[in-house]
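Analysis of the macromolecular model
Residues per chain, in single letters:
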Amino acid sequence: MLTFEKMYSMGHEEVVFFSDPSCNLKAIIAIHNTTLGPALGGTRMWNYKNIDEAIEDALRLSRGMTYKNAISGLNLGGGKAVIMGDPTKDKSEALFRSYGRFVESLNGRYITAEDVNTTVNDMEYIFSETSNVTGVAEVNGGSGNPSPWTARGVFRGMEASCLKVYGDRSLKGKVIALQGAGSVGCHLGKHLFDSGAKVFFTDIVEENIARFKEIVPNSEFVSPNDIYDLKADIYAPCALGATINDQTIDRLKVKIVCGAANNQLAENRHGDMLKEKGILYAPDYLINAGGVMNVSIEFEGWSAEKATKMVDKIFDTTLKIFKLSDEQNIPVYRATDLMAEQRIESIRNIKGKYLGNVSHRFPGRVSRR
Ligand code: NAD
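Residues numbered from 1 in each chain as written. Predicted model: local features only at pLDDT ≥ 70, side-chain atom pairs only at ≥ 80, totals over all residues. Heavy atoms only, no water.

**A short note on the overall build of the chain**
Assigned secondary structure in the chain consists of 13 helices and 12 strands. The C-alpha radius of gyration of the chain comes to 21 Å, within 12% of the 21 Å expected for a compact globule of 369 residues. Dimensions of the chain, computed from the C-alpha atoms along their principal axes, are close to 55 × 50 × 40 Å. Taken over 369 residues, the chain has a buried fraction of 53%. For the chain, the proportion of contacts with a sequence separation of at least 24, taken over those separated by at least 6, is 64%. Here the chain displays about 17100 Å² of accessible surface, and carbon together with sulfur accounts for 51% of that area. Both charge centroids of the chain, one from 44 positive and one from 45 negative side chains, sit 6 Å from each other. (Helix = DSSP H or I, 4+ residues; strand = E, 2+ residues; numbered from the N terminus. Rg over C-alpha atoms; globule rule 2.2 N^0.38 Å. Buried < 20%, exposed > 50% of the residue type's maximum accessible area, 1.4 Å probe, protein only. Contact = heavy atoms within 4.5 Å. Areas by Shrake-Rupley, 256 points an atom, 1.4 Å probe, with all protein chains shown as cover. Lys, Arg positive; Asp, Glu negative; His and termini not counted. Charge placed at Lys NZ, Arg CZ, Asp CG, Glu CD.)

**A look at the site of the ligand**
Around the ligand sit 19 residues, and of these T150, S183, V184, D203 and N208 come closest. Contacts to the ligand include V184, whose backbone N or O atom sits 2.8 Å from an oxygen atom. Between N262 and the ligand, the recorded distance is 3.2 Å, taken from a side-chain N or O atom to an oxygen atom. Elements represented by at least two residues in the shell around the ligand include exactly α5 (147-166) and α6 (183-195). Taken together, the residues that form the shell around the ligand break down as 10 nonpolar, eight polar and one charged. (Near = heavy atom within 4 Å. Polar contact = N/O pair within 3.5 Å; in protein donor to acceptor, adjacent residues only side chain to side chain. Nonpolar A, V, L, I, M, F, W, Y, C, P; charged D, E, K, R; others polar.)

**A few points about the packing of aromatic side chains**
This structure, assessed with the given rule, holds six aromatic pairs. Centre to centre, the rings of F18 and F102 are 4.3 Å apart; their planes meet at 20°, and the pair counts as stacked. Placement of the pair is F18 in strand β1 (residues 14-20) and F102 in helix α3 (residues 93-105), with a sequence separation of 84 residues. Between the aromatic rings of Y67 and Y285, the centroid separation amounts to 6.3 Å while the plane-to-plane angle is 80°, which identifies the pairing as edge-to-face. Of this pair, Y67 sits in helix α2 (residues 51-71) while Y285 sits in helix α9 (residues 284-287), and the two are 218 residues apart along the sequence. We classify Y285 as buried; its relative accessible area is 15%. Through a chain of ring-to-ring contacts, the aromatic side chains of F201, F212 and F221 assemble into a single cluster. The ring of F315 has R169 lying over it, and the distance from NZ or CZ to the ring centre is 3.8 Å. Against the face of Y166 rests K174, its NZ or CZ located 4.4 Å from the ring centre. (Phe/Tyr/Trp six-rings, centres within 6.5 Å; stacked < 30°, edge-to-face > 60°. Lys NZ or Arg CZ within 6 Å of the ring centre and 35° of its normal.)

**So, unusual backbone geometry**
Look at A242: it is not a glycine, yet its phi comes out positive at around 60°. At N329, a residue that is not glycine, the phi angle is positive and equals roughly 50°.

**Topic: the sheet that holds strand β9 (residues 220-221)**
Read across the sheet, six strands follow the order β9-β8-β7-β10-β11-β12 without closing on themselves; strand pairing throughout is parallel. Of all the strands in the sheet, the pair left with one neighbour each is β9 and β12 (280-281). In this structure, strand β7 (residues 175-179) lies alongside strand β8 (residues 198-202), joined through five bridges in parallel fashion. Bridged to L178 within β8 is F201. (Pairing = 2+ DSSP bridges.)

Written as structure tokens, this is what we have:
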């Protein structure tokens, strides 16, 4: 159940419920923190068992977006939306357009994007009713599929991790155990192939396995359960969350964990355990932020050049986090949270000043104050 105590304890500013029986829309938008700017986060469609489960997801995911957007250097806060429904049966133009009108009613406090079970097509319907949506089709000034950008960021995270562990950022000759040959996994596989790494990979869908073999011709398939036991340099989780857990952690024979999946640590204590085992953990929500970085520039006018520059900064930020982790002798996951919190706090502090009339500071741009 949603209570103010819960919102206080997790730090949420606003949670809004929207319903439209005419198209069976049941949506919740959670705005966690807007210190850095409007709350950006995707809209997830899921067959939740009940409203409490949907609320929990919206609260947890929106908080995660505050940290992700902050650590990525974006002038954006964190939010997330969930639509309750079966994505295979309940989608319609009316449902997404009705949802788009509700997003519009928030007057720019929340900007939406694709997430699990929503597509560019769905974003297009939302775009018919509000401009506060990113990830629309390229023909409409959008940035298209985020996965190549996410993969690029993960690859930069791998380079930073190799520099830290081996003193050289090159992936040449490194052995990678890659879990999940999906959209991000395939693009990451291509980067790894081009850089001269050797990839062992796993997946559970035949079609995806075959596609990966085509993209990374010298890769070798291993069964899903064997991926944790491989003697490799890097374990790259690109399928599911929580794969660093009590069952897997003692099996890992790698020096680095670096992949695209969200919430890779089942619990924070698994991040402590990785540190104790001497395995370097690349901060998941930073290195997989290439996709959100990419959509974030749609408002200024998207270009591949801008997106590339932005995503490549993941290399430097990852190194800064490793440094903070060493200096304070804290696990990487904690150093990442700390750096994100420090950025939000420092910007909150400078916002105490009265600026007078600022509407003409940046002609042609929308103020994101
Ligand atoms: P995807 O659905 O395209 O790919 C996931 C792949 O993992 C699929 O091929 C699936 O068959 C495979 N898989 C599922 N269960 C598995 C298992 N038990 N063992 C091995 N393989 C399994 O998803 P994606 O877009 O490539 O995203 C991959 C991960 O990265 C997800 O966790 C996602 O949340 C995260 N992520 C993606 C993006 C993005 O831009 N797509 C951005 C940030 C984070």
